[in-house]
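Here's the letter readout for the chains.
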Amino acid sequence: MRLASVAAVTGRGVCVMCKFGIVSHDSTRRWRSGQTHLAVNQAPSGYAGSNPARRTMKYLVINASPHENGGTSKFVHAFTEAAKKVGEVKVLNLHDSPPAYSRGDNAPSMIETMYQREVLACDALFIATPTYWFNTPSILKAFVEEIDGIESMLWQRARALGIAVYAPQGGELGVASALTFPLNHMNFVLVDVGYIFHRGIPIDDWAWEDLALMPERMRRVIGR
Ligand SMILES: Cc1cc2nc3c(=O)[nH]c(=O)nc-3n(C[C@H](O)[C@H](O)[C@H](O)COP(=O)(O)O)c2cc1C
């Protein structure tokens, strides 16, 4: 029996995050703030098929590299060129306006920063980043922690997610988990082949074709 049917038969909500019914695995912060799990029958709108009228897709590109001509910038260029064909694109480089590292006091449900505003306005988020010590650069971690402050607003509708990681010396999987897990918990949906990596060698050149297809895949996932 599908989980949605279970909810219909039992009349009980099923958490769309854990899929195991109403269980208390959530963070103490969320319980303290009174925000409980979303049930399947209260799932946010914005999934494929829910919006028959096509609207312009808004793509937000986050560049986590300080280098204008590095491997990361090639991802940004490839994605941006493809996204312009199917929607509006805004590119932000974290090094132009570094997010502050978290002090552990994000006010829930308050829009306080430019990145929070831009993320809320977008339909799809594309992150291009180098790998620093098998993980995201700290500036990108700060970005993820910053948008945690608008987590409950992000749950109003789903947004598509795409990630491209430049890792000439390896460590790209650390970046994958550091981004996909928190962003998935903030209602971002990783599109098909939405995780791209390139190690600067020809065998990874499959990445360019999937980057060119990614904006259209994001549009389909969001249903625009
Ligand atoms: C602190 C630091 C740690 C790094 N760690 C890694 C790593 O784990 N894996 C890797 O592939 N490259 C690593 N690098 C090298 C970067 O991949 C390299 O600087 C690359 O040029 C960054 O891409 P970009 O030019 O697009 O910014 C590291 C660089 C720095 C500054």
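Here is a short report on the structure shown in this document. (Residues numbered from 1 in each chain as written. Predicted model: local features only at pLDDT ≥ 70, side-chain atom pairs only at ≥ 80, totals over all residues.)

This part covers the site of the ligand. Close to the ligand lie 16 residues; Ser65, Gly70, Thr72, Pro130 and Gln169 are nearest. Split into classes, the residues belonging to the shell around the ligand amount to seven nonpolar, nine polar and no charged. (Near = placed C-beta within 6 Å. Nonpolar A, V, L, I, M, F, W, Y, C, P; charged D, E, K, R; others polar.)

This part covers the sheet that holds strand β3 (residues 124–130). One open sheet accounts for five strands, arranged β2-β1-β3-β4-β5; its pairing is parallel. Bordering the open sheet on either side are β2 (87–93) and β5 (188–198), each of which pairs with just one other strand. Strand after strand, the sheet turns through a mean of 15 degrees between neighbouring axes, direction not considered. Here strand β1 (residues 57–63) runs beside β3; their pairing, made up of five bridges, is parallel. Its bridge partner lying in β3, Tyr59 is registered against Ala124. Relative to strand β4 (residues 159–166), helix α7 (residues 172–184) is tilted by about 165 degrees, and along the sheet it contacts β3, β4 and β5. (Pairing = 2+ DSSP bridges. Helix = DSSP H or I, 4+ residues; strand = E, 2+ residues; numbered from the N terminus. Axes fitted to C-alpha atoms, helices over the stretch in contact; angles between N-to-C directions. Contact = placed C-beta atoms within 7 Å.)

All right, on to the environment of Gly194 then. By secondary structure assignment, the location of Gly194 is in strand β5. The spacing of Gly194 and Leu161 is 33 residues in sequence and 6.9 Å in space, taken between C-alpha atoms.

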